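Notes for the structure review
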Amino acid sequence: MGNVMDIFNPTAIGDICNARGLGSQEREQLSRLITLWQSKLPNNRLRNDFYHMHVNVENIGIAISPEFASILNASCGWPAKSVDMLAQRSVPDGFKLESGRHVPDIDRIMRDNNFYYKYPMAATSELMHSTMAWTLSRGRVGKSNVRIKSHSAETAAMIWDGGEERIECGFAIIESNPITRGSLTKVPTVVNLYTAESTVVLKRSIIAGTIDKWSAEYVRNPMGRPLMEPMSFSPSMTRPFGKSRISRAVMSITMSKLREDMRTEMSAEFNTTPQKYLLGADEEAFDMDRYKAYCGNLFITNRDEEGELPEFGQLPQVSFQPHMDYVRSLAAQFSGETSIPISSLGVIHDNPASAEAINACERDMVQLAESLNNTNGESLRNVALMALAIDRGIGVSIDDLTDEELSLMVDWHDPAMPNIASTADAWVKIASAPGAEWIAQTEEYLEGMNIPRAKRASMLAQKRQIDGRAYITDVVEGNIGNSTSSVNSEIYNGTQVERTGGERVRIEGAGGSDEETGSNGSIIA
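Let us look at the structure shown here.

1. As for the overall build of the protein
Scanning the protein from N- to C-terminus turns up 14 helices and 18 strands. When each of the 525 residues of the protein is scored for burial, the buried share is 42%. The contacts of the protein with a sequence gap of at least 6 include a subset with a gap of at least 24, amounting to 64%. Counting every atom, the protein has about 28800 Å² of accessible surface; 51% of that belongs to carbon and sulfur.

Rendered as structure tokens:
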């Protein structure tokens, strides 16, 4: 994912629209994209600053003087919490066909492109800025022929095509380099323009601190759609690229929380050193610093002219309760805006919540995560299908894939994140129902128990080996005739048992092939 720090200002991209070799239609599309990107970049950077808490407090100037405001450093993690809590509930568990079978080519492509490492970062960027983009290009990565990259809204822009219900075109900053050796300032040097007909690679070089002009190179796109796919949070008819979790309401509430933290800090200072008074004392007797006099262990004064001792007292301390009540009010507003339980915002309740109450508080968040997975699943399906077509060879498009491959879908972990004890109990009860015993022998049964995909594959491979060995034993002992099939081999879709002349049996499955010698001296392989 591109780093926004590589681009110090929107004009760093230069006169890219006048690149050598760039056609008039692509020049017009790129100009619109650059204008859109430059107009959206300030707000996208603002949300990035709120996420990382690199914002200055907007001090009203009544309760806290500008002098103290410059000293106090207030921060609040609520904006990051609104993004991270939802992103952590969106966890893909691989791709599978409608039949439930996994596609080895897709698994290889995603593994070679570190997809499951990139997705959490992509989801975070999506929720922060409302959208992000996946781009594809042909290139060798591991054993795959396709590259999949992710881009935030700070390094990419897209234009929506309402008629086709997909993007019309988009651009992404692929690479940036420093102007001079050792310089922290970087400028874009490689930018890709994605259209339905081609991918235009725009490049420029930097030689001895001098930036060369842009040049364009066309790469034909047989897909019939741009090799760029948006992934947007909560899209709508009027906002096809969705909306940000760090909304204007979230930023406003966060700013109020920051100001309250500063007021609370000031109140804590005054409560630690409460104001005291001394009536009837000669002011000239206090020639020392008043703060030192306050902190001193010995306090000496004289009688006044009438022989009376000065009256010493202390003003009552200010209560913290109004500050605590206001923070609780802000937390309630933030919770209503983001569906995050108040307890997750660091606000302590008077009474501990029950398990039912906690589940009820998390229900809105789970529903948001399910909606997020549905929309992201459609985007990732398009990415996977385009990647599969590109990997097959030059000139292959999605239309060339089989009907079974077109049924590809994303498998997700349960966003409710239930504990394994409760899910195991539920699935055991389901599989124990009359006529449903076969469920316990499916992969979905293990998946429902929240067993990770890698462990499921290992467990099923071992199960196939165990079933195969048991079948061989029955064949050798004469318990089974010349039958060449077993229930388990059908259920687990991988064990093939064959017998030739009653002497040779071969088992092939995910666990590999094994050889044994039967009781009659024949080779069992």
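Having seen it, we continue.
2. Focus on the packing of aromatic side chains
Each aromatic ring pair is described using two quantities: the centre-to-centre distance and the angle formed by the ring planes. One pass over the full model with this rule turns up eight aromatic pairs. Ring centres of Phe115 and Tyr116 lie 5.1 Å apart, and the angle between their planes is 80 degrees; this geometry places the pair in the edge-to-face category. Taken together, the ring pairs connect Phe95, Phe115, Tyr116, Tyr119, Trp134 and Trp412 into an aromatic cluster. A cation over a ring is seen here: Lys257 above Trp78, with NZ or CZ 5.2 Å from the ring centre.

3. Quick notes on the nonpolar core
Counting residues in each nonpolar core, the largest one holds 76 residues, and the members touching the most others are Phe95, Trp134, Leu136 and Leu380. Once residues lying within four places of it in the same chain are set aside, the contact partners of Leu380 are Phe95, Phe115, Tyr119, Trp134, Met231, Val410 and Trp412. One finds Cys17, Leu30, Trp37 and Ile159 within the second-largest nonpolar core, a separate group that totals 21 residues.

4. Focus on the sheet that holds strand β4 (residues 156-161)
In spatial order, the strands read β4-β5-β6-β7-β10; together these five strands make up an open sheet with antiparallel pairing. The open sheet terminates on both sides in strands that have one partner only, identified here as β4 and β10 (215-220). Averaged over all adjacent pairs, the angle separating strand axes in this sheet is 20 degrees, with direction ignored. Bridge analysis of strand β5 (residues 166-178) against strand β6 (residues 186-194) gives eight bridges, and the strand direction is antiparallel. By the bridge assignment, Ala172 is partnered in β6 with Asn192.

5. Considering the packing of helix α3 (residues 78-87) against helix α5 (residues 115-129)
Taken N-terminus to C-terminus, the directions of α3 and α5 make an angle of 135 degrees; their axes are 9 Å apart at the nearest point. Classified by the interaxial angle, the pair formed by α3 and α5 is oblique. As α3 runs across α5, the sense of the crossing is right-handed. Residue-level contacts link Val83, Asp84, Leu86 and Ala87 of α3 to Ala123, Thr124, Leu127 and Met128 of α5.

6. Some points on the pattern of salt bridges
Inspection of the entire model under this criterion finds 13 salt bridges. A salt bridge links Glu404 to Arg101; the nearest nitrogen and oxygen atoms lie 3.3 Å apart. Here the residue Glu404 occupies a position in helix α10 (residues 403-406), and Arg101 occupies one in the loop between β1 (92-96) and α4 (104-112), the gap between them amounting to 303 residues. On the basis of relative accessibility, which here comes to 37%, the residue Arg101 falls in the partly exposed class. Asp105 serves as the salt-bridge partner of Arg392, at 3.7 Å between the closest nitrogen and oxygen. Placement of the pair is Arg392 in helix α9 (residues 355-392) and Asp105 in helix α4, with a sequence separation of 287 residues. Judged by relative accessible area, which is 27%, Asp105 ranks as partly exposed.

7. Describing the packing of helix α1 (residues 24-52) against helix α6 (residues 248-272)
One can describe the packing of α1 onto α6 by two numbers: an axis separation of 12 Å at closest approach and a directional angle of 45 degrees. As far as their axial angle goes, α6 and α1 are oblique. Note that α1 runs across α6; the crossing there is left-handed. Touching Leu46, Arg47 and Phe50 of α1 are Arg248, Met251, Thr254 and Met255, all from α6. When its residues are assigned to classes, the contact of α1 with α6 shows four nonpolar, one polar and two charged.

8. Re the side chain of Thr199
Relative to the assigned elements, Thr199 resides in strand β7 (residues 198-203). On the basis of relative accessible area, Thr199 is assigned to the buried category, the value being 8%. Discounting residues that sit within four places of it in the chain, Thr199 has contacts with Asn192, Leu193, Tyr194, Glu217, Tyr218, Val219, Asn221 and Leu227.

9. Notes on a nonpolar patch on the surface
Judged by side-chain polarity, Tyr277, Leu279 and Leu315 come together as a nonpolar surface patch covering roughly 260 Å² of accessible area. For Leu279, the location among the structural elements is in strand β12 (residues 276-279). Take Leu279: its relative accessible area is 47%, and that puts it in the partly exposed class.

10. Brief notes about the environment of Ser335
Here Ser335 is to be found in helix α8 (residues 321-338). Residue Ser335 is classed as buried on the basis of its relative accessible area of 15%. Note: C-alpha distance between Ser335 and Val250 (85 residues apart in sequence) is 9.7 Å. Non-local contacts of Ser335, meaning those with residues more than four positions away in its chain, are made with Ile340, Pro341, Ile342 and Leu345.

11. So, α5
With 15 residues, α5 should reach 21 Å at 1.5 Å per residue; the first-to-last C-alpha distance of 20 Å fits that figure. Of all 15 residues that make up α5, 11 are buried, and the element is covered over most of its length. Of all the residues in α5, the buried ones are Phe115, Lys118, Tyr119, Ala122, Ala123, Thr124, Ser125, Glu126, Leu127, Met128 and His129.

12. Topic: the sheet that holds strand β3 (residues 144-152)
Strand order in this open sheet of three strands is β3-β2-β11, and the pairing throughout is antiparallel. With one partner strand each, in any of the chains shown, β3 and β11 (228-232) form the two edges of the open sheet. Going across the sheet, the axis of each strand differs from the next one's by a mean of 30 degrees, ignoring polarity. Where strand β2 (residues 131-141) lies against β11, five bridges are found, and the strand directions are antiparallel.

Rules behind the numbers
- Residues numbered from 1 in each chain as written.
- Predicted model: local features only at pLDDT ≥ 70, side-chain atom pairs only at ≥ 80, totals over all residues.
- Heavy atoms only, no water.
- Helix = DSSP H or I, 4+ residues; strand = E, 2+ residues; numbered from the N terminus.
- Buried < 20%, exposed > 50% of the residue type's maximum accessible area, 1.4 Å probe, protein only.
- Contact = heavy atoms within 4.5 Å.
- Areas by Shrake-Rupley, 256 points an atom, 1.4 Å probe, with all protein chains shown as cover.
- Phe/Tyr/Trp six-rings, centres within 6.5 Å; stacked < 30°, edge-to-face > 60°.
- Lys NZ or Arg CZ within 6 Å of the ring centre and 35° of its normal.
- Core = buried A, V, L, I, M, F, W, Y, C linked by side-chain atoms within 4.5 Å.
- Pairing = 2+ DSSP bridges.
- Axes fitted to C-alpha atoms, helices over the stretch in contact; angles between N-to-C directions.
- Parallel < 35°, antiparallel > 145°, perpendicular 65-115°, else oblique.
- Left-handed = near helix turned anticlockwise from the far one by under 90°.
- Salt bridge = Lys/Arg side-chain N within 4 Å of Asp/Glu carboxyl O.
- Nonpolar A, V, L, I, M, F, W, Y, C, P; charged D, E, K, R; others polar.
- Patch = residues over 30% accessible without salt bridge, like charges linked within 9 Å, V, L, I, M, F, W, Y side chains within 5 Å.
- Expected span 1.5 Å × (residues − 1).

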